[in-house]
Amino acid sequence: MRVFLTGATGFIGSAIIPELLSAGHQVVGLARSDAAEEKLKSLGVDVLRGSLDDLDVLKRGATESDGVIHCAFIHDFSDFATSVKKDRIAVEAIGAALEGTNRPFIVTTGTLGLVQGKLAVEQDLGDLTSPLSARNLTEGVTLAFASKGVRATVIRLAPVIHGKGDHAFVPALIGIARQKGVSAYIGSGDNHWPSAHRLDIARLYRLILEKGKAGSRYHGVSDDLTPIRNIAEVIGKSLNIPVVSKTPQEAPEHFGFLGHLLGIDNLVSSKHTQEELGWNLVQPSLLLDVEKNYF
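As the structure is a prediction and not an experimental result, all values here were calculated from the model. (Residues numbered from 1 in each chain as written. Predicted model: local features only at pLDDT ≥ 70, side-chain atom pairs only at ≥ 80, totals over all residues. Heavy atoms only, no water.)

**A closer look at the side chain of H219**
Right, so step 1: Relative to the assigned elements, H219 resides in strand β11 (residues 216–220).
Right, so step 2: Separated by 2.7 Å, the side chain of H219 and the backbone oxygen of S269 make a polar contact.
Right, so step 3: Sequence-distant contacts of H219, that is, excluding residues within four places in its chain, are made with L114, A120, V121, E122, R156, L204, V268, S269, S270, T273 and W279. (Helix = DSSP H or I, 4+ residues; strand = E, 2+ residues; numbered from the N terminus. Polar contact = N/O pair within 3.5 Å; in protein donor to acceptor, adjacent residues only side chain to side chain. Contact = heavy atoms within 4.5 Å.)

**Observations concerning the pairing of strand β6 (residues 151–157)**
Right, so step 1: Counting buried positions over the seven residues of β6 gives seven, a clear majority of the element.
Right, so step 2: A two-sided burial pattern is seen for β6, the buried positions comprising R151, T153, I155 and L157 on one face and A152, V154 and R156 on the other.
Right, so step 3: By the bridge criterion, seven bridges tie strand β5 (residues 104–110) to β6 in an arrangement that is parallel. Each residue of the ladder has a partner; that of V107, found in β6, is V154.
Right, so step 4: After leaving β5, the chain enters helix α5 (residues 134–144) and then returns to the sheet as β6, a path that is right-handed. (Buried < 20%, exposed > 50% of the residue type's maximum accessible area, 1.4 Å probe, protein only. Pairing = 2+ DSSP bridges. Right-handed = clockwise from strand over helix to strand, strands pointing away.)

**Here we look at the packing of helix α4 (residues 80–98) against α5**
Right, so step 1: At a minimum axis separation of 10 Å, α4 and α5 run at an interaxial angle of 10°. When the axis of α4 is compared with that of α5, the two are roughly parallel. Of the residues in α5, those touching α4 at F80, V84, D87, R88, V91 and E92 are A134, R135, L137, T138, V141 and T142.
Right, so step 2: Broken down by class, the residue content of the contact of α4 with α5 amounts to six nonpolar, two polar and four charged. (Axes fitted to C-alpha atoms, helices over the stretch in contact; angles between N-to-C directions. Parallel < 35°, antiparallel > 145°, perpendicular 65-115°, else oblique. Nonpolar A, V, L, I, M, F, W, Y, C, P; charged D, E, K, R; others polar.)

**As for the environment of H70**
Right, so step 1: Relative to the elements of secondary structure, H70 occurs in strand β4 (residues 67–70).
Right, so step 2: Overall, the relative accessible area of 1% leaves H70 in the buried class.
Right, so step 3: Each C-alpha atom, one on H70 and one on A8, is 9.0 Å from the other, the two residues being 62 residues apart in sequence.
Right, so step 4: Ignoring anything within four residues of it in the chain, the contact list for H70 reads T6, L52, D87, V91, F105, I106, V107 and T108.

**As for the pattern of salt bridges**
Right, so step 1: Within the structure shown, the criterion is met by 16 salt bridges.
Right, so step 2: Where D53 meets K86, a salt bridge forms, and the shortest distance between an N and an O atom there is 3.8 Å. Of this pair, D53 sits in the loop between β3 (46–49) and α3 (55–63) while K86 sits in helix α4, and the two are 33 residues apart along the sequence.
Right, so step 3: Note on D53: relative accessible area 46%, which makes it partly exposed.
Right, so step 4: Exposure remark for K86: the relative accessible area of 31% places this residue in the partly exposed category.
Right, so step 5: Taking the shortest distance from any N to any O, the salt bridge between E139 and R156 comes out at 2.8 Å. (Salt bridge = Lys/Arg side-chain N within 4 Å of Asp/Glu carboxyl O.)

Below, the structure written as structure tokens:
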């Protein structure tokens, strides 16, 4: 299968490429720059130059491929609404190009927009009262294409995808801890954040591409629902600094933008995903990976 991949040079996209190639697929990666193009070519990937704003390029990538994996997202939390809007417009353009083809179209969202405090399963909708639910609206746009002859699916990723090359939430927490001299969590720290290793996630994308059912949501989370306090304790131990609690009022000043997220209790199951697709998780757990490879 010839697969058009957006976000191909990103943390997750760059793990998807070898997973697809090793399974006999071809990959066409979207590249915004000369450096990205050279990186993709070195990996044996064909290149299509453009960005999420280039709708004609996205449509071309879709029509000239046998399936699409959409991983790209503009991670600008200072203007999250605009990032979500651009993502939704890109999804609409790609989906329209695929109408009537029955080709797979995988769109990436996240689990943080789900209802808090209860175990969320794949069939659950997002919490529309939450500002983080904006990406869940994109899910509806995506899955509507299932009735238009597209094998459209959604993969909801855990907020913590870890592994070699990670530059997201855990490295941010480590950087804050180094700067502040303490490793902190909010309140009791009993709230949970799901996680998954990037290599397990790459394999999940391939399985959805090959076997995913139109109109389905899948969860890219491991069985390890890690309390935030435990992450703080591993960081504190590794840096040899105190581990402390911050109140919700203190959190924004201490953590910056993460202060508005770290208090979320994001209980998520991937039981249905694992059973339907035969997805088994074989890579190290978050805490083991952080302790051994992040310092």
